[in-house]
Amino acid sequence: MASLFNPFGIARKLGRIGLMGLNQRNADFILMYNPRRFYPRVDDKLLTKKLAIKAGLPVPDLYAVVREEHEIHDLHAKLATREQFVIKPAHGSGGDGILVITGRRGDRYRRSSGQLMTHDDLEHHVSNGLSGLFSLGGQPDHMIVEYCVQFDPIFDQVSFKGVPDVRIIVFLGYPVMAMIRLPTRMSDGKANLHQGAIGVGIDIPTGRTRRGVWGTEIIGEHPDTERSIVDLEIPSWSTLLEMASRCYELSGLGYVGVDFVLDRTRGPLILELNAGRAWRSRSRTATGCSSAWTRCRRWSATRPCRATRWSAWHSPASTSRPWADTPRHSATSPRANAVPSKLRLPGLEPEQPQRQDADMNRLKTLTACVVVGAALTAACTTAPSGRQQLLMLSDSELNQLGAQSFEQLKAEQPLSRNAAHQRYVGCVVNALVAELPQEWRSQAWEVQVFADESPNAFALPGGKVGVNAGMINLAQNQDQLAAVIGHEIGHVIFRHANERMSRSALVGAGVQAGGALAGTRTSPETARTVAGLLGAGAQLGVMLPFSREQEREVDVYGQDLMAKAGFDPAEASRLWQNMIAASGRSAGAVQVLSTHPDPQARASALEQRAPALRPQYEAARAQGKRPACG
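Residues numbered from 1 in each chain as written. Predicted model: local features only at pLDDT ≥ 70, side-chain atom pairs only at ≥ 80, totals over all residues. Heavy atoms only, no water.

**Brief notes about helix H20 (residues 571-582)**
Here's step 1: The terminal C-alpha atoms of H20, which comprises twelve residues, lie 16 Å apart, in line with the 16 Å expected from a rise of 1.5 Å per residue.
Here's step 2: Every buried residue of H20 is accounted for by Glu571, Ala572, Ser573, Leu575, Trp576, Asn578 and Ile580.
Here's step 3: Elements in contact with the buried residues of H20: helix H14 (469-474), helix H15 (478-493), helix H19 (548-564) and helix H21 (599-622). (Helix = DSSP H or I, 4+ residues; strand = E, 2+ residues; numbered from the N terminus. Expected span 1.5 Å × (residues − 1). Buried < 20%, exposed > 50% of the residue type's maximum accessible area, 1.4 Å probe, protein only. Contact = heavy atoms within 4.5 Å.)

**Some details on the side chain of Gln478**
Here's step 1: Within the element layout of this structure, Gln478 appears in helix H15.
Here's step 2: Take Gln478: its relative accessible area is 10%, and that puts it in the buried class.
Here's step 3: From its side chain, Gln478 meets the backbone nitrogen of Cys629 in a polar contact 2.7 Å long.
Here's step 4: The residues contacting Gln478, other than those within four sequence positions of it, are Tyr424, Val428, Phe567, Pro627, Ala628, Cys629 and Gly630. (Polar contact = N/O pair within 3.5 Å; in protein donor to acceptor, adjacent residues only side chain to side chain.)

**Some words on the packing of H20 against H21**
Here's step 1: Two elements in contact, H20 and H21, have axes whose closest approach is 8 Å; the angle formed by their N-to-C orientations is 165°. It follows from the interaxial angle that H20 and H21 lie roughly antiparallel. When the axes of H20 and H21 are compared, the crossing they make is left-handed. Residues Ala572, Ser573, Trp576, Gln577 and Ile580 of H20 pack against Pro599, Gln600, Arg602, Ala603, Leu606 and Glu607 of H21. (Axes fitted to C-alpha atoms, helices over the stretch in contact; angles between N-to-C directions. Parallel < 35°, antiparallel > 145°, perpendicular 65-115°, else oblique. Left-handed = near helix turned anticlockwise from the far one by under 90°.)

**What about the pattern of salt bridges?**
Here's step 1: Inspection of every chain in the model, using the stated rule, returns 25 salt bridges.
Here's step 2: Between Asp259 and Arg181 there is a salt bridge, with its nearest N and O atoms 3.4 Å apart. Of the two residues, Asp259 is situated in strand E12 (residues 255-263) and Arg181 in strand E8 (residues 174-182); the sequence distance between them amounts to 78 residues.
Here's step 3: A residue is classified by how much of its surface remains accessible, and Asp259, at 2% relative accessible area, is buried.
Here's step 4: Judged by its relative accessible area of 10%, Arg181 falls in the buried class.
Here's step 5: Arg552 is paired through a salt bridge with Glu226; the nearest N and O atoms lie 3.9 Å apart. Taken together, the residues Arg552 in helix H19 and Glu226 in the loop between strand E11 (217-219) and helix H7 (237-251) connect sequence positions 326 residues apart.
Here's step 6: Overall, Arg552 belongs to the partly exposed group, its relative accessible area being 34%.
Here's step 7: The exposure class assigned to Glu226 is partly exposed, which follows from its relative accessible area of 35%.
Here's step 8: What emerges from the salt-bridge pattern is a single network uniting Asp165, Arg167, Arg181 and Asp259. (Salt bridge = Lys/Arg side-chain N within 4 Å of Asp/Glu carboxyl O.)

So, in structure tokens, the structure goes:
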């Protein structure tokens, strides 16, 4: 077995194809090009705002600053004429402590969620911020009150309630990577990737979106609105690039992330700068890996001075690409270290190494990693549906993990003592397995009924099927039970677990499977994560659902499989109607786990497919395939 889940093996494997990890980013970019003494310029939002204003860059208007407890009570009078405003900690991180007020009702404030706050509630929030509850390292902080952005409605169809923002990564004055973060139901309307928002890659020269990353999945549509997130045009893109590029001189940092929002009347506004935020370098672009490296080599040969780097992007001769034929300047030229006078601020002259070749080599790696990741995710193999998949594990490795996870589940979860249920489920599984391709049919399938009353079932690589007693009770007949088991077996046939673990490996989560593959003892937390990636997360309380696209694939496959085995395909739709009724949902209700298609939509799609499968079902019955399981 390749050392896929060995941390050093991952580094070597991805390093050979040019994909940069976070450790390399930290060592070769952040530590090398970001002097620690300049960090306050980005960590302190108030200082960032002052520097941006001095440089002529647009930011939300500042209404008030609260530094001491005794100033809190006076805040209401200062805001008496403001219907809308935002309160945030000056040294906050991850969106913590941001309070958005969108209106008033009498003497109370209305939050963006619609919840009303009293004066005491608002004062308590500000007091918490001053004490350091929301700040980096928990140090005492001060609170900023500023203009509430009136967000551009252009992204309403690809955002769930919250506010999208654009992040551009700038290296030595060059915008090299960009994405837009789209809130989802899972992220509770926040544009925070760690909480479930979508990161959508933006093509730097054109300002158009490519595919997005949601958790460990590559997606092309928003999971809540079901609208395409591909090829969206970002408004004022040229302006955003110019503003981001100017933040290099403003901050004095060689590697900096610039976050923007788009105001409907004021246009782009800078929200904050970041000195070392992570970037998920798996967004798709329109170009291939080899051509990207060729362009990067051409770029490394050009050495425009820092003062003209934006013009290298923007001039017609460059066709909006820094690797086109741009004017070259010697590293020893007086212009090579020039900084535009309108951007020259006291003490802000960047301190950068003079090793231009090393600079450009690192820039080449940084820029190419996005495209290399895209090429990697598009490679390897094809699913039965025709979709391309990234599969970095062998079937034997997946089977090993599946067997280990199944044994863990049987050891930790109460097993059913109902022999009739065990025979019933085994009969249905045997009938379905008999219709699988030979490589799957030849496996020794193991079935276990769990005493859990929640309606759940799963299948793991290696021929392991688990069904809860609650699912047996929910399915009204053997055909409905075959529908759900056929669906779960479909995840195994389509190698969805392999696909998820491979993608997780690229962002670090897959490393947790290393101990299991190596045969060493793993922690319960790691074992639960591996089980979740394989498809049994719900049994252990690990919410790692399959993607919408994967669920659609196995909806179709499972219904086809049950018809081949002699089970009525029309019962698949009725099973979902039972689940909707059992969960209190009706048509158009909340989507399952925020990632699955709408339950009523799934039931309708399965109902529409059933008549076309009727001849196949009747042919199977004519051949003697008449399961009598219960």
